[in-house]
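# Chains, contacts and geometry: an overview
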Amino acid sequence: MAYRETGTGPALVLLHSLGLSHREWEPIVAALSGRFRVVLPDLPLHGDSEDRPRHAYSPDWLAEVIAGFCSEVGGSRCMVAGHDLGAELALLAVVGDLLHPSRLVLMPNRLHQRDQFAAKRAAWRAACRLAALPGLDRVLSHSAKLAFRPSVGERLSSQRNRAARDLVRHAFADVGGNGNRARSWAKFARRWPVEAQRQLLDAYPRMQMPVLLLWADEDLAHPGDAAQEALDLLPDGQLRTLPRTGFLIAYDDPVAVARELIAFCG
């Protein structure tokens, strides 16, 4: 896993969303680096991290990789915050007893519910899986870059933050023509669970570390009722919902996101 780090102090590992990169956290890094050693990895299959098709890219494999990275780079009791896929991987590693953060921050993700846009996600999975067919990997890699144009970033921000264009542009800069990445994404799409992870309802009461659910009130993909249900089961949880924020929560209100992370993580 490729990563950057900045600042000094207790380690805080930030895990980004599906399809993006460490730059998702760019708007809040400066504020956090005055208090923490901020560790910014690119998840496997993303950014500058490895994307060769020889790896499994299964949920268990990804959770092991994330847990190993956090322990090795951040320390055995580092603090971990994740959003979307990053949050789901952190949660999977914690529930699997692979990761033991001193504090855990879960930003909007599916939690124990099914995908709110199941039809769109199914179409995405089907397109990714086609890349496993000989000759289609490079074609589909170019198609992905066309589909995820920089303007998509602006639409993911409820404030229509134009800086989000650069986020998407960077995330997909090396995708076009990258057959290895396309074939690896085909593996990931085939193995990532699409059903609701209802077993998490039994796992929440066993999570003894402090957990912050930091939610966005205008993120239609991740409604707040799932966060409230999780909150009711967590022994040491708290829920904070930021107004006028959407999927790109750190771009919509970086001041509030940094404030909440500093207050929770110390």
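These lines cover the structure that appears in this document, whether it is placed above or below. Sequence order sets the numbering: in each chain, residues are counted from 1 along the sequence as written. With the structure being a predicted model, the display of local features is reserved for residues of pLDDT at least 70 and the display and counting of side-chain atom pairs for 80 or more, all residues being used for whole-chain, interface and lining totals. Only hydrogens and water are set aside when side-chain values are computed; all heavy atoms of the structure are taken into account.

## With respect to the layout of surface pockets
Put plainly, a pocket is an open set of points on a 1 Å grid over the protein atoms alone with protein on both sides within 12 Å along at least five of seven lines, a cavity is a set where a 1.4 Å probe fits but cannot get out, and a lining residue has an atom within 4 Å of a point. Grid points are joined across faces, edges and corners, and a volume is the space filled by probe spheres set on the points. Empty space within the second largest pocket amounts to approximately 180 Å³. Lining the second largest pocket are Arg77, Val94, Val95, Asp97, Leu99, His100, Pro101, Ala203, Arg206, Met207, Gln208 and Met209. Tallied by class, residues from the lining of the second largest pocket come to seven nonpolar, two polar and three charged. Charged means Asp, Glu, Lys or Arg here, nonpolar means Ala, Val, Leu, Ile, Met, Phe, Trp, Tyr, Cys or Pro, and polar covers whatever is left, Gly included.

## Overview of the environment of Pro101
A run of DSSP states H or I qualifies as a helix once it reaches four residues; a run of E qualifies as a strand once it reaches two. Both are numbered from the N-terminal end. Here Pro101 shows up in the loop between helix H3 (85-95) and strand E5 (104-106). C-alpha separation for the pair Pro101 and Arg183, spaced 82 residues apart in sequence, amounts to 32 Å. With residues up to four places along the chain from it excluded, the contact list for Pro101 reads Arg77, Cys78, Val80, Val94 and Met209. It only takes one pair of heavy atoms within 4.5 Å for two residues to be counted as in contact.

## Considering the pattern of salt bridges
By salt bridge we mean one thing: a side-chain nitrogen of Lys or Arg within 4 Å of a carboxyl oxygen of Asp or Glu. Applying the stated criterion to the full structure yields twelve salt bridges. Here Asp42 and Arg4 are joined by a salt bridge, their closest N and O atoms 3.2 Å apart. With Asp42 in the loop between strand E3 (37-41) and helix H2 (59-74) and Arg4 in strand E1 (residues 3-6), this residue pair connects regions lying 38 residues apart in the sequence. Of the charged contacts, one joins Arg4 and Asp48 as a salt bridge, the two residues approaching to 2.6 Å between their closest N and O atoms. Separated by 44 residues along the polypeptide, Arg4 in strand E1 and Asp48 in the loop between E3 and H2 bring together distant segments of the chain.

## Examining the pairing of strand E4 (residues 79-82)
Here E4 shows no split at all, with Met79 and Ala81 on one side and Val80 and Gly82 on the other all buried. A pair of strands counts as paired when DSSP detects no fewer than two bridges linking them. Note: E4 against E5, three bridges, orientation parallel. Bridging from a neighbouring strand, Ala81 pairs with Val105 of E5. Using a 1.4 Å probe on the protein chains alone, a residue whose accessible area is under 20% of its type maximum counts as buried, one over 50% counts as exposed, and one in between counts as partly exposed.

## Digging into the packing of aromatic side chains
Between rings of Phe, Tyr and Trp, where Trp is taken as its six-membered ring, a pair exists when centres lie within 6.5 Å; planes separated by under 30 degrees are stacked, by over 60 edge-to-face, and by other angles tilted. Tallied over the full model, the rule gives four aromatic pairs. Plain terms: the ring middles of Tyr57 and Trp61 are 5.1 Å apart, the flat faces sit at 70° to each other, and that makes the pair edge-to-face. Classification of Tyr57 as buried rests on a relative accessible area of 0%. Its relative accessible area of 22% is what places Trp61 among the partly exposed residues. Linked through ring pairs, Trp185, Phe188 and Trp192 together constitute an aromatic cluster. Criterion for a charge above a ring: Lys NZ or Arg CZ within 6 Å of the ring centre, and within 35 degrees of the ring normal. Positioned above the aromatic ring of Phe264 is the side chain of Arg103, whose terminal nitrogen or guanidinium carbon lies 5.1 Å from the ring centre.

## Considerations on the packing of H2 against H3
The contact between H2 and H3 brings their axes to 9 Å, and the two run at 85°. The angle between H2 and H3 places the two elements in the roughly perpendicular class. Contacts between H2 and H3 involve Pro59, Leu62, Ala63, Ile66 and Ala67 from the former and Leu89, Leu92 and Ala93 from the latter. For the contact of H2 with H3, the per-class residue count stands at eight nonpolar, no polar and no charged. All axes are obtained by fitting lines to C-alpha atoms, using only the stretch in contact for helices, and the reported angles, taken between N-to-C directions, cover 0 to 180 degrees. With respect to orientation, any angle under 35 degrees is reported as roughly parallel, any angle over 145 as roughly antiparallel, any angle of 65 to 115 as roughly perpendicular, and every other angle as oblique.

## Quick notes on the state of the cysteines
Linking two cysteines covalently through their sulfur atoms gives a disulfide. Disulfides are defined in this document as cysteine sulfur pairs within 2.5 Å. Applying the stated criterion across every chain yields a total of zero disulfides. With no disulfide partner, Cys78 has as its closest neighbouring cysteine sulfur the one in Cys70, 4.9 Å distant. The class for Cys78 is buried, based on a relative accessible area of 4%. Of the cysteine sulfurs around Cys265, a residue in no disulfide, the closest is that of Cys78, at 11 Å. Of the residues examined, Cys265 reaches a relative accessible area of 9% and is grouped as buried.

## A few points about the sheet that holds E3
The pairing of strands in a sheet happens through backbone hydrogen bonds and is either parallel or antiparallel. Ordered in space as E1-E3-E2-E4-E5-E6-E7, the seven strands form an open sheet in which the pairing is mixed. The sheet is open, and its two borders are formed by E1 and strand E7 (237-242), each paired with just one other strand. With strand direction ignored, the average angle separating the axes of adjacent strands in the sheet is 20°. Strand direction decides the pairing type here: strand E2 (residues 11-15) and E4, joined by four bridges, are parallel. For Leu14, the partnering residue across the bridge sits in E4 and is Ala81. With respect to the sheet, H2 is in contact with E1, E2, E3 and E4, its orientation differing from that of E3 by roughly 150°.

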